[in-house]
Amino acid sequence: MTITIPEREFESFQKISRAKQGFGCVITEKLDGSNGQILIEDGKIVGVGSRQRWIQPGKLTDNYGFARYIEENEEEIAAKLGDGQHFGEWWGSGIQRAYGLTGSDKRFSLFNTGRWSDAAVRPSCMSAVPVLYAGEFTRAAVERVMRELAEGGSRAAPGFMRPEGIIIYLPGPRILLKETYEHSDGKWKSAPVNDNAATEVAA
């Protein structure tokens, strides 16, 4: 298989706003890597993307080798993920904070924890972002999760003590929020997000 540039218009994963109070929520660890997406149609991978564009293996825009990784694992990925747009974070050695990983150790964590938290149903070459909390969205809950994450270190990369922060998904209004240690100023902001991307985060 050769990955090519799809003819359909590129759709990126949306920017994520900062946080405010209310609703039920799912809180996951925010990974500091590079956004990736896989487009599957009729059981075949027809596109691989970064946050901003479609990409191909071996090109300068290959997003730290993400397209090559998808190509190398194409058969299992297409069979297990199934048709649709699948978003996640490509992280590890040489990407942003690297999480203590070295050599060619890069990983892909899917955002849709409702669908992919069970390792038995997702591709063996992928994980899901760690769920840190599920319940009512309150500032106290967010602060508790942030404190526990800071004290215990990354759940995605155990032993790495400089996690970036959290992602908060509000399934009712379909809103994504973020809180990071570098920008924890108490100014909570929220905004509606693309319905498809919100569904992909947690079903």
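To keep things clear, this report deals only with the structure shown in the data block. (Residues numbered from 1 in each chain as written. Predicted model: local features only at pLDDT ≥ 70, side-chain atom pairs only at ≥ 80, totals over all residues. Heavy atoms only, no water.)

## Regarding the pattern of salt bridges
Point 1. One pass over the full model with this rule turns up seven salt bridges.
Point 2. With a closest N to O distance of 2.8 Å, Asp-32 and Arg-97 form a salt bridge. Taken together, the residues Asp-32 in the loop between strand 2 (24–30) and strand 3 (34–41) and Arg-97 in the loop between strand 5 (84–92) and strand 6 (106–110) connect sequence positions 65 residues apart.
Point 3. Judged by its relative accessible area of 14%, Asp-32 is buried.
Point 4. Classification of Arg-97 as buried rests on a relative accessible area of 12%.
Point 5. Each of Asp-32, Arg-97 and Glu-182 takes part in a single network of salt bridges with overlapping partners. (Salt bridge = Lys/Arg side-chain N within 4 Å of Asp/Glu carboxyl O. Helix = DSSP H or I, 4+ residues; strand = E, 2+ residues; numbered from the N terminus. Buried < 20%, exposed > 50% of the residue type's maximum accessible area, 1.4 Å probe, protein only.)

## Structural notes on the nonpolar core
Point 1. Counting 20 residues, the largest nonpolar core has Ile-38, Phe-66, Ile-70 and Met-126 as its most contacted members.
Point 2. Counting residues per element, the ones that place at least two in this core are strand 3, strand 4 (44–49), helix 1 (66–72), helix 2 (74–81) and strand 6.
Point 3. Residue contributions to this core peak at four residues, all from helix 1.
Point 4. Once residues lying within four places of it in the same chain are set aside, the contact partners of Ile-38 are Ile-45, Gly-47, Phe-66, Ile-70, Ile-77, Leu-81, Gly-84, Gln-85, His-86, Phe-108 and Met-126. (Core = buried A, V, L, I, M, F, W, Y, C linked by side-chain atoms within 4.5 Å. Contact = heavy atoms within 4.5 Å.)

## Brief notes about the pairing of strand 4
Point 1. One ladder, built from five bridges, connects strand 3 with strand 4; its direction is antiparallel. The residue of strand 4 that forms the bridge with Glu-41 is Lys-44.
Point 2. Here strand 3 hands over to strand 4 after two residues, with Asp-42 in that stretch at a positive phi of 55 degrees. (Pairing = 2+ DSSP bridges.)

## Let's talk about the environment of Asn-35
Point 1. Looking at where Asn-35 falls in the secondary structure, it is placed in strand 3.
Point 2. Here Asn-35 falls in the buried class, since its relative accessible area comes to 4%.
Point 3. Setting aside anything within four residues of it in sequence, one finds Asn-35 in contact with Phe-13, Gly-49, Ser-50, Arg-51, Asn-63, Phe-87, Gly-88, Glu-89 and Phe-111.

## Considering helix 2
Point 1. Ile-77, Ala-78 and Leu-81 are the residues of helix 2 that are buried. Angularly, the buried residues of helix 2 cover 95 degrees about the axis, an arc narrow enough to put them on a single face. Across helix 2 from its buried face, at more than 90 degrees, point the exposed residues Glu-75 and Ala-79.
Point 2. In the core, the buried residues of helix 2 are packed alongside strand 3, strand 4, helix 1, strand 5, strand 6 and helix 3 (113–116). (Arc of directions from axis to C-beta.)

## A few points about the packing of aromatic side chains
Point 1. Evaluated as defined, the whole model comprises eight aromatic pairs.
Point 2. With a centroid separation of 4.9 Å and an interplanar angle of 85 degrees, the aromatic rings of Phe-10 and Trp-54 are classed as edge-to-face. Of this pair, Phe-10 sits in the segment before strand 1 (17–18) while Trp-54 sits in the loop between strand 4 and helix 1, and the two are 44 residues apart along the sequence.
Point 3. Aromatic pair Phe-66 and Trp-90: ring centres 5.4 Å apart, planes at 55 degrees, arrangement tilted. Highlighted residues: Phe-66 in helix 1 and Trp-90 in strand 5, separated in sequence by 24 residues. For the pair Phe-66 and Trp-90, one class covers both residues: buried.
Point 4. Members of the aromatic cluster, connected to one another through ring pairs, are Phe-66, Tyr-69, Trp-90 and Phe-108. (Phe/Tyr/Trp six-rings, centres within 6.5 Å; stacked < 30°, edge-to-face > 60°.)

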